[in-house]
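Below are the chains, spelled out letter by letter.
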Amino acid sequence: MLKGKTIVVGVCGGIAAYKSADIISKLKKLNAELHVIMTRSAREFISPLTFQSLSQNYVIYDMFQEPRSWEIEHISLAQKADLFIVVPATANMIGKIANGIADDMLSTTIMATKSPVIIAPAMNCDMFENIIVQKNIQRLQALGYIFVEPQVGRLACGDIGQGKLADVDDIIEIIKQTVAFDKDLKDLNVLVTAGPTREAIDPVRFITNHSSGKMGYSIAKVAKYRGAKVTLVSGPTNLKPIKGIQMIDVNSALEMYEAVMAHFEEADIIIKAAAVSDYRPLKSEKHKIKKQQNDLEIQLTKNPDILMELGKKVTNQVLIGFSMETQLLKEYAKEKLIKKNLDLIVANNLSEKGAGFAVDTNIATLINKNGDIENMPIMTKDELAYVILDKALAIHKKKH
Ligand code: C5P
């Protein structure tokens, strides 16, 4: 995923320095080209040899170190970087960057770079709360530096508060969002729906389906990677909320309808991956239904078809729907494409192995307005999200 990307990792002196070894190892597995710069105090916590072994590059820590090539090291690294990440970032380093001080290899190289810079602070909670540190952070954020908030937890010093380095996987996620893809969806608003809906029978029971939300979350995440402004309207799922996007949690189809309609106008691309319940109980009982002697009948009433309503309203927006079937896949999908006035429909057959609910892969057939049919091979939901967004972008360009 990060092949061909050069990431410079700046490590400052804090106990969380050992966690940056894990980050570097994970980035290496994603095929990034890595260079590590350590501050003098970072070397008190962890040996440069650790980072040299993990990054497979010489570690730089001294401004006046014997150069290993004719290049002026801080300038060449600053120019080579697709991304800079300072992890862990100390109050001292944040203060230096915010105030234009360049008195060691790390602060000097950061000053010379034009690449995005991610800063992941880790420090004692009282230091983090200090108004000077907070002002420095605000100043840098206003200048476009990306911060990964430290977590609240038990700190190495024994205090409990905010200052613990953000979760390593969250840091990797932000790195991917920043550098992994071309920002070809920049300036576009993408509205995605995901997951199942829950239709209340009474305060205890509901009608739902097996949707895990994975496909919609993949689309939202990849759209974010590609620079879009993303709104994700999600039914109840077990998935982690996606950072850096607008998440709107809903339960029922009616709630999803309201949320989608409230955000539809500003959207350029709308992708409805949610498995919306077609029916809901006509009456949701106020109190728990007690067990009865005989059979129980629950009368259902039809939910609005959100996608069809959108199809009536679209102007020059791109509208994409999903179709999940157990038979006559293409026929049903084509029918829906026309009935709901879609630009593209993503059809998948629930009975095929590797497609459908809860799995990480999908086997899709894409059908567009001209009736072109493309059978996609089995691929991960992230990969399919990428393909769907490629199509969405091409249709958007055609319409504008
Ligand atoms: O007609 P069917 O439910 O199979 O169509 C599936 C597509 O329609 C999906 O994109 C789904 O998100 C959307 N849909 C909807 N509102 C409904 C039912 C389905 O938006 N009530």
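For the structure itself, look to the data block above.
To keep things clear, this report deals only with the structure shown in the data block. (Residues numbered from 1 in each chain as written. Predicted model: local features only at pLDDT ≥ 70, side-chain atom pairs only at ≥ 80, totals over all residues. Heavy atoms only, no water.)

**Side note on the layout of surface pockets**
Note the following rule: We place a 1 Å grid over just the protein atoms. Points where a 1.4 Å probe fits but has no way out form a cavity, open points with protein on both sides within 12 Å along at least 5 of 7 lines form a pocket, and any residue with an atom within 4 Å of a point lines it. Grid points are joined across faces, edges and corners, and a volume is the space filled by probe spheres set on the points. A helix here means a DSSP run of H or I that spans at least four residues, while a strand means a run of E at least two residues long, and both kinds are numbered starting from the N terminus. Only Asp, Glu, Lys and Arg are considered charged in this grouping, and only Ala, Val, Leu, Ile, Met, Phe, Trp, Tyr, Cys and Pro are considered nonpolar; every other residue, Gly among them, is considered polar.
Within this model, the largest pocket holds a volume of roughly 1,000 Å³. What lines the largest pocket is a set of 40 residues, and nearest its centre among them are Ala274, Val276, Asp278, Phe322 and Lys336. Elements with a contribution of two residues or more to the lining of the largest pocket: α10 (214–225), α12 (306–313), β16 (318–325) and α13 (329–339). Its residues assigned to classes, the lining of the largest pocket shows 16 nonpolar, 13 polar and 11 charged. Looking at the second largest pocket, its volume works out to about 470 Å³. Taken together, 17 residues line the second largest pocket, and the ones lying closest to its centre are Glu173, Tyr217, Lys221, Lys240 and Ile242.

**Here we look at the environment of Leu232**
Heads up, the condition is: Throughout this description, buried means an accessible area under 20% of the type-specific maximum (1.4 Å probe, protein chains only), exposed means over 50%, and partly exposed covers the range between.
Within the fold, Leu232 resides in strand β11 (residues 229–234). Relative accessible area serves as the criterion here: at 0%, Leu232 is assigned to the buried category. Separated by 28 residues in sequence, Leu232 and Val260 have C-alpha atoms that sit 9.3 Å apart.

**Section: the sheet that holds strand β4 (residues 117–121)**
Heads up, the rule is: Two strands form a pair only when DSSP identifies at least two bridges running between them. Should any heavy atoms of two residues lie within 4.5 Å, those residues are counted as being in contact. Geometry is summarised by axes, namely lines fitted to C-alpha atoms with helices restricted to the contacting stretch, and by angles between N-to-C directions that run from 0 to 180 degrees.
Sheet architecture is open: five strands sit in the order β2-β1-β3-β4-β5, paired in parallel fashion. This sheet does not close on itself; its edge strands, each paired only once, are β2 (33–38) and β5 (146–147). Along the sheet face, helix α3 (residues 48–55) touches β1 (6–11) and β2 and points at about 170° away from the line of β2. Packed on one face of the sheet, helix α9 (residues 168–179) meets β1, β3 (83–89), β4 and β5 and runs near 160° to β3.

**Focus: the side chain of His35**
Rules: Whenever a nitrogen or oxygen atom comes within 3.5 Å of another N or O atom, the pair is scored as a polar contact, on the condition that within protein one atom can donate a hydrogen and the other can accept it, and that pairs from neighbouring residues in sequence are kept only if both atoms are in side chains.
Its place among the elements puts His35 in strand β2. A polar contact is formed between the side chain of His35 and the side chain of Glu33, at a distance of 3.3 Å. Setting aside anything within four residues of it in sequence, one finds His35 in contact with Thr6, Ile7, Val8, Val9, Asn57, Leu77 and Lys80.

**A word on unusual backbone geometry**
Backbone torsion omega between Val87 and Pro88 reads -10°, so that peptide bond is classified as cis. With respect to the element layout, Pro88 can be found in strand β3. Even without being glycine, Asn31 reaches a positive phi, approximately 70°. You can see Asn31 is positioned in the loop between α1 (17–29) and β2.

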